[in-house]
Amino acid sequence: MNHALLDIHLTDGDADVALRADVRAGLTAIPKQLPPKWFYDARGSELFELITELPEYYPTRTERALLARSVDEIAVTSGADTLVELGSGSSAKTRLLLDAFFRSGSLRRYVPQDVSEAALRLAMDALAVEYPRLALHGVVGDFTTHLDRLPRGDHRMVAFLGGTIGNLLPEERAEFLRQLRAVLHPGEQLLLGTGLVIDEEVLVRAYDDSAGVTAEFNRNVLRVLNRELGADFVIEAFAHRALWDAENEWIEMRLVAERAMTVTVADLGLRVQFAAGEEMRTEVSAKFRPAGVRAMLDEAGLAVTRTWTDPDDRFALTLATAT
């Protein structure tokens, strides 16, 4: 029978402090911006699940199909005895990895990391039933600040999937990879999922669907601020906009004020002016080129071992080894 451990490095109080700091900094910045992690309350997570099923939103199903096709090669090439997953959520895609590593005979332990203790407990309870021989060691924490709290090992593979690295700005990406390399022993690995640069029209449609689900998801961050910080955003007064920034090679999601207004964030004692037509950035989703992924990893001391891409070259899985 397996054993399960749970380390908690992030509490509701920590999240509240972070939310307050991010909102104060973002709403007083020029131009205004909010970090995408605040989309994901219960409603935001439900909306994102709906997004992944939309015909226009190709990234999730493309990565999943690529993972299903490549996973046995990944497991054999890696040979890791511990699988660490950053931002594990429900650990749905992880089952593909777990099954493949069991088939290859190397896996002993799974370490899911997520900011949500409730989501992590649910996922671990289900996995304990499905994989009774697997040691489980969950970590409640933020992958941008708590990488040094991951359980130690000598032959770990860290999976960072979903193209999530694209939500980090270039300097944040570089810092994240530096921190990750610092906690990996030579020979340990990273499996990185990255969206690739493709046709602009296809990209923009993926983030501005015809059903308006992504628009609701984008506006959800305002609902979070209204509920958690006593703000008085008029949700319907903000329009969703997605655009492709060709210079930075990323999608930007923005909220556009449709009229001039003053918003009060009561818990922060903050009054914020919005001009008619003013845009506030809520997310970047960078897309990559294979050479750029290799350079980014090389700079952090992670050498590319192998890359897998889907038939349409829309998504890549890269296995890199700490040098």
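These numbers come from a predicted model, not from an experiment.

S.K.: Lay out helix H4 (residues 94-104) with the relevant residues and their values.
M.R.: Taken residue by residue, H4 has Thr94, Arg95, Leu97, Leu98, Ala100 and Phe101 as its buried positions. Buried residues along H4 sit against helix H3 (59-78), strand E2 (82-86), strand E3 (109-114), helix H5 (117-130), strand E5 (156-160) and strand E6 (189-195). Among the residues trailing H4, Gly105 stands out with phi positive, at a value near 90°.

S.K.: Break down the sheet that holds strand E11 (residues 279-286) for me, with residues and values.
M.R.: An order of E7-E8-E11 is seen for the three strands of this open sheet, with the pairing classed as antiparallel. The open sheet has two edge strands, strand E7 (238-245) and E11, and neither has a second partner. On average, each strand axis in the sheet is tilted by 20° relative to the strand beside it, whichever way the strands run. The pairing of E7 with strand E8 (residues 250-257) spans eight bridges and is classified as antiparallel. Directly across from Ala239, in E8, lies its bridge partner Val256.

S.K.: Report on the pattern of salt bridges, specifying residues and quantitative values.
M.R.: The tally for this structure, following the rule as stated, stands at 24 salt bridges. Asp41 is the partner of Arg227 in a salt bridge, and the nearest nitrogen-oxygen pair spans 3.0 Å. Here Arg227, found in helix H8 (residues 213-229), pairs with Asp41, found in the loop between helix H1 (12-27) and helix H2 (42-52); they are 186 residues apart in sequence, far enough to count as distant. Under the relative-accessibility criterion, Arg227 is labelled partly exposed at 48%. A residue is classified by how much of its surface remains accessible, and Asp41, at 15% relative accessible area, is buried. Taken together, the shared-partner salt bridges in this structure form one network comprising Arg241, Glu252, Arg254, Glu279 and Arg281.

S.K.: Give a detailed account of the pairing of E3, specifying residues and quantitative values.
M.R.: Of all the six residues making up E3, six are buried; the element is thus mostly covered by neighbouring parts of the structure. Taking every second residue as pointing to the same face, both faces of E3 are buried, with Arg109, Val111 and Gln113 on one and Tyr110, Pro112 and Asp114 on the other. The pairing of E2 with E3 spans five bridges and is parallel. For Leu83, the partnering residue across the bridge sits in E3 and is Tyr110.

S.K.: A description of the nonpolar core should follow, citing residues and the corresponding values.
M.R.: Core analysis: the biggest nonpolar cluster contains 42 residues, and Leu27, Leu225, Phe233, Phe238 and Phe274 have the highest contact counts within it. For this core, the elements supplying multiple residues, two or more each, are H1, H2, helix H7 (200-206), H8, E7, E8, strand E9 (261-265) and strand E10 (270-274). Here this core takes seven residues from H8, the largest share from any one element. In this structure, Val158, Val183, Val293 and Ala322 belong to the second largest nonpolar core, which totals 31 residues.

S.K.: Before we move on, can you summarise the environment of Thr82 with the specific residues and values?
M.R.: Residue position: Thr82 is located in strand E2. Taking the relative accessible area as the measure of exposure, Thr82 reaches 3% and is therefore buried. For Thr82 and Glu247, which are 165 residues apart along the polypeptide, the C-alpha to C-alpha distance reads 39 Å. Those residues in contact with Thr82, other than ones at most four positions away along the chain, are Leu107, Arg109, Val111, His155, Arg156 and Met157.

S.K.: Please set out the pairing of strand E12 (residues 302-309) residue by residue, giving values where relevant.
M.R.: Pairing of E12 with strand E13 (residues 315-322) involves seven bridges; the strand directions are antiparallel. In the sheet register, Val304 faces E13, and the bridge partner there is Ala320. The hairpin turn running from E12 into E13, its antiparallel successor, is five residues long, and Asp313 in that turn takes a positive phi close to 55°.

About the thresholds
- Residues numbered from 1 in each chain as written.
- Predicted model: local features only at pLDDT ≥ 70, side-chain atom pairs only at ≥ 80, totals over all residues.
- Heavy atoms only, no water.
- Buried < 20%, exposed > 50% of the residue type's maximum accessible area, 1.4 Å probe, protein only.
- Helix = DSSP H or I, 4+ residues; strand = E, 2+ residues; numbered from the N terminus.
- Contact = heavy atoms within 4.5 Å.
- Pairing = 2+ DSSP bridges.
- Axes fitted to C-alpha atoms, helices over the stretch in contact; angles between N-to-C directions.
- Salt bridge = Lys/Arg side-chain N within 4 Å of Asp/Glu carboxyl O.
- Core = buried A, V, L, I, M, F, W, Y, C linked by side-chain atoms within 4.5 Å.

That's the geometry; what it means functionally is another story.
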